[in-house]
Structure formats: structure tokens, C-alpha cells
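Letter by letter, the chains look like this.
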2 protein chains.
Amino acid sequence: MKAQHCAVAIAAGLALTLTWFAYAGQKPRSAAPIYGVTLPAGYRDWPLVAPAQEAAPFDELRVVVGNPTAMRAYRKNVRPFPDGTVLVKLAWKREPSPDFASASVSGSATTVQVMVKDSKRYASSGGWGYGRFVGGQPVDEAQHRTCHACHASRVKDRDYVFTHYAP
Amino acid sequence: MKAQHCAVAIAAGLALTLTWFAYAGQKPRSAAPIYGVTLPAGYRDWPLVAPAQEAAPFDELRVVVGNPTAMRAYRKNVRPFPDGTVLVKLAWKREPSPDFASASVSGSATTVQVMVKDSKRYASSGGWGYGRFVGGQPVDEAQHRTCHACHASRVKDRDYVFTHYAP
């Protein structure tokens, strides 16, 4: 009987969880290794911080967007970025425009990269957690091991953030 | 006495108008020639439609953002774009990144270009009004005469809009 009760309880819990995800209209989001960072809900609607271009072999157009905490910090020049700051960099293959020979446009999406500021949780990596996603799924742990080392070696004096706000 | 009343009324009206602008925290926005299009309030916080790059001599990074009507139309593939659609293209000089030899980043802002859909008001230009701004001020009428001619000659079959939504 006890085992049966357990099974019923587990089934009920599972059903509730699935119902919650269905209700929220979201699939469970996969977390990046090391940091547990997930793709933040609604980031595709966040305001623009700045665009960038990456030469071959990546040959990409990229745009960094920020949540409200990030945008406030950029605009008021608050550094270090406060806890709760989230930055997302979207990237696409750069393709020739079909309309203008002089122009390039965004092609297929490549990676989405996330930085989350939580000075306690991520104390050992300058207060930042990192996530790198391809097709909505996080890449492997080895790739995530490279994130903070690179940011720390180049832009530690800018609170580990490469991107400046585009005026 | 009548003239005095008039002067008082005009002064009061002027004061109210100035107070309104001060209250709204906005300067009066200058309107583009031909179309009367102005820089829309809050566009710097609008979501991203797509990035682009323009080769020399412009050598720019550009990003198109859209108001909620524009974003809904893009995402639901509604064409022609409904009245109330507003698209804004921001542009910056492309500069070498100080951090990566392979990267370019946004430098100084150059132009901001606006398209507003109003099928009645702009019936003679495919339903679109155009505005081109430098330093927050509209450029001259001659430049505005080129907008619709170019859009009509190249992308009339896409409701006169060049930019596709970046996935």
C-alpha cells in the first residue's frame, strides 16, 4: 500500500509539474554546465545594447541585448553591474543581402550567449555566470570552462563585460 | 480689450504647451519633410528585428527595431504590415574592436531612419511614411524624395520593407 501511495504521489507531482509548464507556455529550459545559467524568458524582446561583427571563420553579425537592470546600469554608467543584470548576445551567420551588393544581413542563428550577475552565487568567477547555447541547448562543459578565463584576461577592469552601449 | 484677451489666451496656451513638454520630459520632435514623420518616443527600447552591415564608404553596423505592432506582424507573418507599424533603423560607424582583432563594434551614431505605416495618410507612397534623422534632426527634402523610390523599385513585393526578421 505504501509503495502505491508513493507512486500516486509521484504521478500527481509529475502531472502538476507538466501542467505548470503547459500553463506557463514554456518548455523546461536546459541549464548550462558549471554555472546553471538558462536562456532567460523573453530575451528576444529586450532592448539593444550594441551590435558587433565577427570576421571569418565565424563570419557573424551579433547583437547584445539587456534586461531592465542591465539597461539601467549601462545608461547610468553603474559599475560593477548590479546583481540581477542579464546580458544576452545573439549571433547569426553574415550573408550577402539579396537587395544591395554593399550590404550584409543576418542569416541562420548560430549561438546565444548569456551572462548573469549574481555576486554571491558566482563569487569565484567575478560575480558572473555564463551560458552558451546552440539550438536552445547548452554546449558542453569544456566550452563553458573557457568563458570566464577569456573575460578575465581581457576586460576585468570593465567588470568582465566586453560590450559598450551603442549611443 | 479684445486684443488684450487674445494675447492673454495665446500666452496661456503657450505656457500650457511648454508645461506639457516639460511634464512629458520631451523636447518637441522635429518632423521629416514630405511625410511629417518624427522620431518615435522610446524606440531605443524596442525589440530587435535584425542586424545588418553596410560596406564602405558607409562602413556601418545597423540594427532595425520595431514597435509592438511591427513585431507582431513579423512574428505572425502578417503582410502587408498593419497601420501603426513603425520600424526604426539605427546605424553606427563600424570600428575595430579594441579587444579582439577579429571583431568590429559600433562607434559613433550616424543616421536613424524611420518607416511608419498609415495606409490612408501615405496612400501615395505604398502606405509608408519615411523619416531620416541625423543628430535627432531630419535631413533635407531632397534626401527624403529618394526613400520611397528606392523601396518601391526593390522590395514592393515585400510591402516595401527590406529587413527580414532574424530568427
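The structure under discussion appears in the preceding block.
Since we're looking at a predicted model, the values are computed, not measured. (Residues numbered from 1 in each chain as written. Chains lettered and ligands numbered in written order. Predicted model: local features only at pLDDT ≥ 70, side-chain atom pairs only at ≥ 80, totals over all residues. Heavy atoms only, no water.)

Undergrad: It is not clear to me how the relation of the copies chain A and chain B should be interpreted in this structure. Could you clarify?
TA: Note: a rotation about an axis with an accompanying shift along it relates these two copies of the chain. Between chain A and chain B, the superposition needs a rotation of 180 degrees and an axial shift of 0.0 Å, giving an RMSD of 0.0 Å. What we have between these two chains is a two-fold relation. When each C-alpha of chain A is compared by its distance to the rotation axis, A:Pro47 comes out closest, at 2.7 Å. A share of 100% of interface residues in chain A that are also interface residues in chain B marks the association as one of identical surfaces. (Least-squares fit on C-alpha atoms with pLDDT ≥ 70 in both. Contact = heavy atoms within 4.5 Å.)

Undergrad: Help me understand the interface of chain A and chain B, please; the structure alone is not making it clear to me.
TA: Frequently, the measure chosen for interface size is the accessible area removed from exposure when the parts meet. Of the residues lining the interface, 35 residues belong to chain A; the matching set on chain B comes to 35 residues. Taken together, the two surfaces of chain A and chain B that pack against each other cover about 3,000 Å², and 48% of this comes from carbon and sulfur. Between the two partners, chain A and chain B, sit 4 salt bridges. For B:Arg158, the salt bridge identified is with A:Asp99, shortest N-O distance 2.9 Å. At the boundary of chain A and chain B, one finds 25 residue pairs in polar contact (both at pLDDT 80 or more). Those elements that provide at least two residues to the side of chain A that touches chain B are strand S1 (48–54), strand S2 (60–66), helix H2 (68–75), strand S3 (86–96), strand S4 (103–117) and helix H3 (141–155) of chain A. Looking at the side of chain A that touches chain B element by element, the count peaks at 7 residues for S1(A). (Buried area = accessible area lost by both parts, 1.4 Å probe. Salt bridge = Lys/Arg side-chain N within 4 Å of Asp/Glu carboxyl O. Polar contact = N/O pair within 3.5 Å; in protein donor to acceptor, adjacent residues only side chain to side chain. Helix = DSSP H or I, 4+ residues; strand = E, 2+ residues; numbered from the N terminus.)

Undergrad: Explain the pattern of salt bridges to me, please; I cannot follow it from the model alone.
TA: Pairs can form between side chains of opposite charge once their charged atoms are near each other. Under the criterion given, the structure shown has 14 salt bridges over all chains. With its nearest N and O atoms 2.9 Å apart, the salt bridge here joins A:Asp45 to B:Arg75. Of this pair, A:Asp45 sits in the loop between helix H1 (2–24) and S1 while B:Arg75 sits in helix H2 (residues 68–75), placing the two residues on different chains. By relative accessible area, A:Asp45 is classed as partly exposed at 37%. For B:Arg75, a relative accessible area of 38% puts it in the partly exposed group. Taking the shortest distance from any N to any O, the salt bridge between B:Arg145 and B:Glu141 comes out at 2.4 Å. Taken as a pair, B:Arg145 and B:Glu141 lie in helix H3 (residues 141–155) at a separation of 4 residues, close to a single helical turn. (Buried < 20%, exposed > 50% of the residue type's maximum accessible area, 1.4 Å probe, protein only.)

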